[in-house]
Every structure is written in C-alpha cells, then in structure tokens.
Amino acid sequence: MKQLSLFDNPSLSVADISEIFTETYRELKLGRVCPVVHVEFYPFVGINHTIRMRDDSLYVRLSDLLETAPEPVVKVLSIILLSKLFRRRIHPGITTSYRAYVNSEEVKRKALLARRKRGRKQLLDPKGQYYDLTALFARLNEQYFDSVLAPGDVGWSYRKSRRILGHFDPSHQSITISRVFDQPDIPEYVVSYILFHEMLHARFMISSNFDMRNQHSPQFKKEERRFKWYQQSNDWLKKHL
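Worth saying up front: this structure is predicted, and the values here are computed from it rather than measured.

**Digging into the environment of Pro151**
Relative to the elements of secondary structure, Pro151 occurs in the loop between helix 5 (133–144) and strand 4 (153–156). Sequence-wise, Pro151 and Ala138 are 13 residues apart; in three dimensions their C-alpha atoms are separated by 7.9 Å.

What follows is the structure, encoded as structure tokens:
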C-alpha cells in the first residue's frame, strides 16, 4: 500500500476534520465527555488558527490556506491547538510534519498571495520628527547588506507600540518601526538596531531555507550579532522597555 505523502490532497471534509479533533480530544484525555466540535475555514490574513470552548462546545477556525492539507498535518494541528487550549505540554517532535507543510514552497506562496490581497499595510512617513528611517535604511543597507536590499516601503507605525517594536511584511515588502522610537532621548544606534533586525528578516525571506514558523533561527541570530551596537542596543532595550 502506498504511504500517504504530506503533500497529497485527500480532500478532507469539515466533518472529517471535526472527527479528527474529537479523536484527539479523547486520546489526550482532556475530559470524560467530548464536546461537540465545530470546524470552519476562515480567510485569515496569514496562516493562523483559533480554538475556543463555549457552552460545552469547541469552536475551531482554521486558515483556509489549509483546506487541502492532508490528514497527518490536520492531526498534528489538532494536537497543537487542543494542547494549547488545555495548557498541555507539546512534545517538540510533534510539530515536525506541520512545520514541513507550512514551510513548503507551495504553502508559502499561497500565504504571501493571501497577505497581499487581504492585508493592508498603513505606514506613516519615514521621516519622523527626530529620525529619518529612509536615511538610516540606506546607511545600514550599504554597511551590512552591500546595498542589495530593495528599499520597499519603510515607515513609522501609527501607534507607539512597546510590544511590537518593528515588523517586516513580506507580502508588501514593507518595514514598520514603532513610533515610540522617534524620540530625542532614544539613541540612534537603538533605532538602527530595530531597523537592522527587520532588514535581516527581509534578506532571510528570499533565502531558500527560510522557515516561516521559526523566523528567529540560529542562523538569523548569528547574523544579527554582526550589528556593531548589538549588545549596547539590547542592554538599552532591557533597561528602558
């Protein structure tokens, strides 16, 4: 008998997926009575999923990018989501097949297309009150990337977020830096470090071994330490944010 590949498309129905979640619930021994499981596909911007319990029923929303996912991937995903919901430990090896699927070239391509169509990136002008991100980008591009990175869209965020310091959006080729850094008391090397971090994401995105689910890989962290003020920047961030 031919073994099912991770990339075969067995066309699981919503009912099939509900049954998989029911089986997993019983296998994990999460309760004596298994709740009714409601599954739907949803057009999230990225590969996101949600699960919640309400009125003794489980409501599962899966990214519509996984509509053709094979049974082994859905099974692993059910273990991941239910374990997170009920705060059970997830064995590191359990995510292998899921990572292999979402990091496949086909799924990554679909994810980028979906983000481009569904997401809308709003940026403020890169020239802030105190720092000009365009000038900093050009300087970092020359010093660390041999000027090979395309400028794309670079700008300040609308909100002064202290949680999301910066973000690279691969679907729109844009970099957003939190406006909390556009202040006179923020050292320039800190702003440059945040920008450098997101520029690294832009460079790694075009790499053939890019891991969508582990974007801060050991190789990424090694490259990040090339920044001249790496330690000083991290020390400053730990002290002030």
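Following the structure, the description resumes.
**Considering the packing of aromatic side chains**
With the rule as written, the count across this model stands at 10 aromatic pairs. Through successive ring pairs, a cluster of aromatic residues spans Tyr144, Phe145, Tyr193, Phe196, Phe227 and Tyr230. Note that Arg52 overlies the ring of Tyr59, its terminal NZ or CZ placed 5.4 Å from the centroid.

**A look at the sheet that holds strand 4**
Strands sit in the order 4-6-5 across an open sheet of three strands; the sheet is mixed. Only two strands of the sheet have a single neighbouring strand rather than two, namely strand 4 and strand 5 (166–169). The sheet shows a mean angle of 15° between the axes of neighbouring strands, taken without regard to direction. Relative to strand 6 (residues 174–177), strand 5 is paired through four bridges, and the arrangement is antiparallel.

**Focus: the pattern of salt bridges**
Per the stated rule, a full pass over the model turns up seven salt bridges. The partner of Glu105 in a salt bridge is Lys108, with the nearest N and O atoms 3.7 Å apart. Taken as a pair, Glu105 and Lys108 lie in helix 4 (residues 105–118) at a separation of three residues, close to a single helical turn. Using a relative accessible area of 7% as the deciding quantity, one classes Lys108 as buried. A salt bridge links Glu223 to Arg203, with the nearest nitrogen and oxygen atoms 3.3 Å apart. Here the residue Glu223 occupies a position in helix 7 (residues 218–224), and Arg203 occupies one in helix 6 (residues 188–205), the gap between them amounting to 20 residues. A residue is classified by how much of its surface remains accessible, and Glu223, at 14% relative accessible area, is buried.

**Observations regarding helix 8 (residues 230–240)**
Residue pairs spaced three or four apart in an α-helix point in one direction, given the helix's 3.6 residues per turn. Those residues of helix 8 lying buried are Tyr230, Ser233, Asn234, Trp236 and Leu237. Angular distribution of buried residues about the axis of helix 8 spans 160°; they occupy a single face of the element. Among the exposed residues of helix 8, those pointing more than 90 degrees away from its buried face are Lys238 and Lys239. Looking at the buried positions of helix 8, the neighbouring elements they touch are helix 6 and helix 7.

**As for the packing of helix 5 against helix 6**
At a minimum axis distance of 10 Å, the contact between helix 5 and helix 6 shows a crossing angle of 65°. The angle between the axes of helix 5 and helix 6 places the two elements in the roughly perpendicular class. Crossing hand, helix 5 versus helix 6: right-handed. For the pair helix 5 and helix 6, contact is made by Leu133, Leu136, Phe137, Arg139, Leu140, Asn141 and Tyr144 and by Glu188, Val191, Ser192, Leu195, Phe196 and Met199, respectively. Its residues assigned to classes, the contact of helix 5 with helix 6 shows nine nonpolar, two polar and two charged.

**Remarks on the sheet that holds strand 2 (residues 50–54)**
Sheet architecture is open: three strands sit in the order 1-3-2, paired in mixed fashion. The open sheet is flanked by strand 1 (36–42) and strand 2, the only strands paired with a single partner. Averaged over all adjacent pairs, the angle separating strand axes in this sheet is 15°, with direction ignored. With seven bridges joining them, strand 1 and strand 3 (residues 57–63) adopt parallel strand pairing. Within strand 3, the position partnered with Glu40 by the bridge is Arg61. Where helix 1 (residues 14–27) meets the sheet, it contacts strand 1, strand 2 and strand 3, and its direction lies at approximately 130° from that of strand 1. Across the sheet, helix 2 (residues 71–85) is in contact with strand 2 and strand 3; its angle to strand 3 comes to roughly 130°.

The rules behind these values
- Residues numbered from 1 in each chain as written.
- Predicted model: local features only at pLDDT ≥ 70, side-chain atom pairs only at ≥ 80, totals over all residues.
- Heavy atoms only, no water.
- Helix = DSSP H or I, 4+ residues; strand = E, 2+ residues; numbered from the N terminus.
- Phe/Tyr/Trp six-rings, centres within 6.5 Å; stacked < 30°, edge-to-face > 60°.
- Lys NZ or Arg CZ within 6 Å of the ring centre and 35° of its normal.
- Pairing = 2+ DSSP bridges.
- Axes fitted to C-alpha atoms, helices over the stretch in contact; angles between N-to-C directions.
- Salt bridge = Lys/Arg side-chain N within 4 Å of Asp/Glu carboxyl O.
- Buried < 20%, exposed > 50% of the residue type's maximum accessible area, 1.4 Å probe, protein only.
- Arc of directions from axis to C-beta.
- Contact = heavy atoms within 4.5 Å.
- Parallel < 35°, antiparallel > 145°, perpendicular 65-115°, else oblique.
- Left-handed = near helix turned anticlockwise from the far one by under 90°.
- Nonpolar A, V, L, I, M, F, W, Y, C, P; charged D, E, K, R; others polar.

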